[in-house]
Amino acid sequence: MSAIEIIKMGNPLLREVAEKFSVEEIKSPDTGLLLEDMWDSLEAAGGIGLAAPQIGISKQLAVIKLSEDSDRYPDMEDSEAFVIFNPEITVLDKTEQGFWEGCLSVPGLRGFVERPRKIRVDFLDEGAQPRSIEVEDFLATVFQHELDHLIGKLYVDRMKDITTLMFEDEMIFEELDEEVLD
Ligand code: ZN
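Residues numbered from 1 in each chain as written. Predicted model: local features only at pLDDT ≥ 70, side-chain atom pairs only at ≥ 80, totals over all residues. Heavy atoms only, no water.

Asks: Hey, could you go over the coordination of the zinc ion for me, with residue numbers and the actual values?
Replies: Within the first shell, the zinc ion binds the protein through Cys-103 (SG), His-145 (NE2) and His-149 (NE2), at distances of 2.1 to 2.2 Å. Mapped onto the polypeptide sequence, the residues donating to the zinc ion form the spacing pattern C-x41-H-x3-H. You can see Cys-103 sitting in strand β3 (residues 82–103) and its partner His-145 sitting in helix α3 (residues 137–148), a full 42 residues away along the chain. (Donors = N, O, S within 2.8 Å, 3.2 Å for Na, K, Ca; no water. Helix = DSSP H or I, 4+ residues; strand = E, 2+ residues; numbered from the N terminus.)

Written out as structure tokens, the structure is:
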């Protein structure tokens, strides 16, 4: 399988609400191949999460894997490799936490985004089995960012202060007050 080119902000497909998968579709060989492409594309881009619309497939699938080897996101612990079909988010703690988010579909930029700090995610896994997990802190932000892609949202839509939208190579993290996870 192979890494697929990641589409960028401005492509209308990133603004669509993605379609759900049926259980049969999740178990199909085609979806198995799509998943391989998703992981290959994520790895090639050096990211920590990818949603199917980012490779041009308007379907409700995202993969997330935090890696302590990531160049884009240092100081991070490894996470499980999550395969997420048809997710539903429930906010468990509305208290907002902010991180400097980036996106493979918005290359070169970061913006400060505040989101609820703890959520529950109900979804179907790779075997089409229902799962319910609670995630908090940075991982909660990563889930909300990726799952936003499935409803046509980008992190820039969630920013309250557009002056925090910055090119990565102009950012001096030491001078920023907020907690930084770049
Ligand atoms: Zn993104």
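The rest of the description comes next.
Asks: Any chance you could break down helix α2 (residues 29–45) for me, citing the residues and the numbers?
Replies: Under the 1.5 Å per step criterion, the end-to-end length of α2 is 24 Å for 17 residues, consistent within 8% with the ideal 24 Å. Where the residues of α2 are buried, they touch α1 (23–26), β1 (49–51), β2 (61–64) and β3. In the stretch just after α2, Gly-46 is the one whose phi turns positive, near 70°. (Expected span 1.5 Å × (residues − 1). Contact = heavy atoms within 4.5 Å.)

Asks: Tell me about the pairing of strand β4 (residues 106–124), and name the residues and values.
Replies: The side chains of a regular strand alternate, residue by residue, between the two faces of the sheet. Bridge count between β3 and β4: 13 bridges; the pairing is antiparallel. If you follow Ile-89 over to β4, its bridge partner there is Val-121. The turn joining β3 and β4, which pair antiparallel and follow one another in sequence, is formed by 2 residues. Looking at chain direction, β4 and strand β6 (residues 166–167) are connected through 2 bridges and run antiparallel. Each residue of the ladder has a partner; that of Leu-109, found in β6, is Phe-167. With 7 bridges joining them, β4 and strand β5 (residues 130–136) adopt antiparallel strand pairing. Along β5, the bridge assignment pairs Leu-124 with Pro-130. (Pairing = 2+ DSSP bridges.)

Asks: Summarise the nonpolar core; cite the residues concerned and give the values.
Replies: Ranked by size, the top nonpolar core spans 22 residues in total, and within it Ile-64, Leu-66, Val-121, Val-135 and Phe-143 carry the most contacts. Sorting the residues of this core by element identifies β2, β3, β4, β5 and α3 as the ones contributing at least two each. Broken down by element, the residue count for this core peaks at 6 residues, all from α3. Met-38, Leu-50, Val-83 and Leu-124 belong to the second largest nonpolar core, which has 17 residues in total. (Core = buried A, V, L, I, M, F, W, Y, C linked by side-chain atoms within 4.5 Å. Buried < 20%, exposed > 50% of the residue type's maximum accessible area, 1.4 Å probe, protein only.)

Asks: An account of the pattern of salt bridges is needed here, citing residue identities and associated values.
Replies: Taken as a whole, this structure holds 15 salt bridges when the rule is applied. Residue Lys-59 is joined to Glu-25 by a salt bridge in which the shortest nitrogen-to-oxygen separation is 2.8 Å. With Lys-59 in the loop between β1 and β2 and Glu-25 in helix α1, this pair connects stretches of sequence that are 34 residues apart. Judged by its relative accessible area of 14%, Lys-59 falls in the buried class. In this structure Glu-25 comes out as partly exposed when scored by relative accessible area, which is 31%. Ionic contacts of the salt-bridge type, sharing partners, join the residues Asp-93, Arg-117, Glu-136 and Asp-137 into one network. (Salt bridge = Lys/Arg side-chain N within 4 Å of Asp/Glu carboxyl O.)

Asks: A description of unusual backbone geometry should follow, citing residues and the corresponding values.
Replies: Positive phi, normally seen in glycine, also occurs at Asn-86, with a value near 50°. Structurally, Asn-86 is set in strand β3. Not every positive phi belongs to a glycine, and Asp-137 is a case in point at roughly 55°. Accessibility expressed as a relative area gives 39% for Asp-137, which makes it partly exposed.

Asks: Tell me about the packing of aromatic side chains, residues and numbers included.
Replies: The final tally for this structure, using the stated rule, is 4 aromatic pairs. Between Phe-21 and Phe-85, the ring centres sit 4.8 Å apart and the planes meet at 75°, which makes this aromatic pair edge-to-face. One end of the pair, Phe-21, is in the segment before α1; the other, Phe-85, is in strand β3, with 64 residues separating them in the sequence. Where Phe-99 meets Phe-138, the ring centres are 5.1 Å apart and the plane angle is 70°; that geometry is what we call edge-to-face. One end of the pair, Phe-99, is in strand β3; the other, Phe-138, is in helix α3, with 39 residues separating them in the sequence. (Phe/Tyr/Trp six-rings, centres within 6.5 Å; stacked < 30°, edge-to-face > 60°.)

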